[in-house]
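Here's the letter readout for the chains.
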Amino acid sequence: MTGPAEAIRSMPTASSRLRIIPRPVTLIAAIAGARYSYKDLYTVDVASEWTGSPRYMKGSRWGMFPSVGFAWNLGNEKFLKGSRAVSELKIRGQFGDTPLSDTIFGEQYMFQANYKNASGVAYGPHSSGEKWFGVNTYTSYPTTITKMAAENLTWERIREISLGIDADFFGCLRLNAEFFKYDRLGLIKNVNSVLPSLYGLSDIMLYNNYSSDRTTGYNVSLQFHKRFGDLFVTAGGFATQYKSIYTKMVDDNPTEEYQKQTGQSRTAFLGYKCIG
């Protein structure tokens, strides 16, 4: 008959049962689009991207990212056709979603819970020498959760809207200008700090599509190009300006209201207000 101690010694250890299971990272994407153009005056483009990633749980792995764009070629309108002053004039715009690159190439299987071995708990002979359970001392390592499962995680995305103009005046002066706004939505963050303490999760990570930010700005370029006999002259310049602000973020509960980051620039420095 085998005693309790011998039975325990014969049990396979964690290291003997350890298996390395490869988990390949697969990214699948499909894109479809269509264009309609009327007399080279009005053009509409529609497109959609479907992308799947193992970063999310089944049911949330596929994200759809639609977009639509338009262009109005005023240079071909009757009232401008043949104009010497305006050789090209086009107004364009677009609106749509794209997957955030960090979402595609970042940490995989984020929806899964993580566990670790906690401090060992000894069992076996009593410290006074009473061998109430065999003759040796054994250590048990209980499992402790370090990251909660996040089954509702879904794709982070960029939602962009832009409006631009392309023009050529007198056949030698080229203007390109674009105004844009894009929002990064559903940014995945550890929201542990915004949970009430009664949840009992103070040291456990919990990811959620929580944060967002917004960038607005413009790009303008102007180029001069003209031939004078055998001499071709070109000159130009470019200007861009943008501002990025936090629209929602974790841990935005400062002691002083002026230190609150929501609504503030992402490149701003935090510090004390003082006089002098």
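Residues numbered from 1 in each chain as written. Predicted model: local features only at pLDDT ≥ 70, side-chain atom pairs only at ≥ 80, totals over all residues. Heavy atoms only, no water.

### Looking at the sheet that holds strand E3 (residues 62-73)
Cut-off, in case you're wondering: Paired strands, as defined in this entry, are two strands with at least two bridges between them according to DSSP. Counting from the N terminus, the helices are DSSP H or I runs at least four residues long and the strands are E runs at least two residues long. All axes are obtained by fitting lines to C-alpha atoms, using only the stretch in contact for helices, and the reported angles, taken between N-to-C directions, cover 0 to 180 degrees.
Spatially, E1-E2-E3-E4-E9-E10-E11-E12 is the arrangement adopted by the eight strands of the open sheet, whose pairing is antiparallel. Both outer strands of the open sheet, strand E1 (28-38) and strand E12 (231-248), are each paired with one neighbouring strand and no more. For this sheet the average axis-to-axis angle between neighbouring strands, irrespective of direction, equals 10°.

### Let's talk about the confidence of the model for the protein
Quick reminder of the rule: Per-residue confidence from the predictor is reported as pLDDT, which spans 0 to 100. Contact between two residues is taken to exist if any of their heavy atoms lie within 4.5 Å; hydrogens are not considered.
Averaged over every residue, the pLDDT of the protein is 81; the share at 70 or more is 76%. Under a pLDDT of 50 for its full length, residues 1-16 has, in the predicted model, 12 contacts with residues more than four places off or in other chains.

### Some thoughts on a nonpolar patch on the surface
Keep this limit in mind: Residues qualify for a patch when their relative accessible area is over 30% and they have no salt bridge, like charges being joined within 9 Å and the nonpolar side chains of Val, Leu, Ile, Met, Phe, Trp and Tyr within 5 Å. Reported accessibility uses the Shrake-Rupley method at a 1.4 Å probe radius. Residues are deemed covered only where the shown protein chains occlude them. The term salt bridge refers to a side-chain nitrogen of Lys or Arg lying within 4 Å of a carboxyl oxygen of Asp or Glu.
A cluster of nonpolar side chains, namely Tyr36, Tyr38, Tyr42, Val44, Val46, Val68, Phe70, Trp72, Phe79, Phe95, Ile161 and Leu163, defines an oily patch on the protein surface of about 1,100 Å² accessible area. For the nonpolar patch, the secondary structure elements donating two or more residues are E1, strand E2 (42-52), E3 and strand E9 (157-169). In this structure, Leu163 sits in strand E9.

### Observations regarding the pairing of strand E11 (residues 207-228)
Note that strand E10 (residues 173-190) and E11 share 16 bridges and pair antiparallel. For Asn190, the partnering residue across the bridge sits in E11 and is Tyr207. Both E11 and E12 contribute to a ladder of 17 bridges, which runs antiparallel. Across the sheet, His225 pairs through a bridge with Thr234, a residue of E12. Linking two consecutive strands that pair antiparallel, namely E11 and E12, is a turn of two residues; a positive phi of about 65° is found at Gly229 within it.

### Things to note about the packing of aromatic side chains
Just so we agree on the cut-off: Here is the rule: rings of Phe, Tyr and Trp (six-membered ring for Trp) pair when centre to centre is within 6.5 Å. Planes less than 30 degrees apart are stacked, more than 60 are edge-to-face, and the remainder are tilted. Between buried and exposed lies partly exposed: a residue is buried under 20% and exposed over 50% of the maximum accessible area for its type, with that area taken using a 1.4 Å probe on protein chains only. Whether a charge lies above a ring is judged from NZ of Lys or CZ of Arg, which has to be within 6 Å of the ring centre and within 35 degrees of the ring normal.
Taken as a whole and judged by the stated rule, the model has six aromatic pairs. Judged by centre distance (6.3 Å) and plane angle (15°), the rings of Tyr38 and Tyr42 are stacked. Residue classification places Tyr38 among the partly exposed positions, given a relative accessible area of 37%. Above the face of the Phe228 ring, Lys226 is positioned so that its terminal group lies 6.0 Å from the ring centre. Residue placement shows Lys248 over the ring face of Tyr210; its charged tip is 4.5 Å from the ring centre.

### As for the nonpolar core
Condition: Only buried residues count toward a nonpolar core. Its members are Ala, Val, Leu, Ile, Met, Phe, Trp, Tyr and Cys residues joined through side-chain atoms within 4.5 Å.
Tyr56, Phe65, Met110, Ala150, Leu153, Trp155, Ile188 and Tyr207 form the largest nonpolar core, which has eight residues in total. If near-sequence neighbours (up to four positions away) are discounted, Tyr207 is found in contact with Met110, Lys147, Ala150, Leu153, Ile188, Lys189 and Asn190. Counting five residues, the second-largest nonpolar core is a separate cluster that includes Leu74, Leu80, Leu89 and Ala167.

### Topic: unusual backbone geometry
The residue Asp40 is not glycine, and still its phi comes out positive at about 55°. For Asp40, the position within the fold is in the loop between E1 and E2. In the Ramachandran plot, Phe170 falls in the positive-phi region, its phi being about 60° despite a non-glycine side chain. Turning to its location among the elements, Phe170 is positioned in the loop between E9 and E10.

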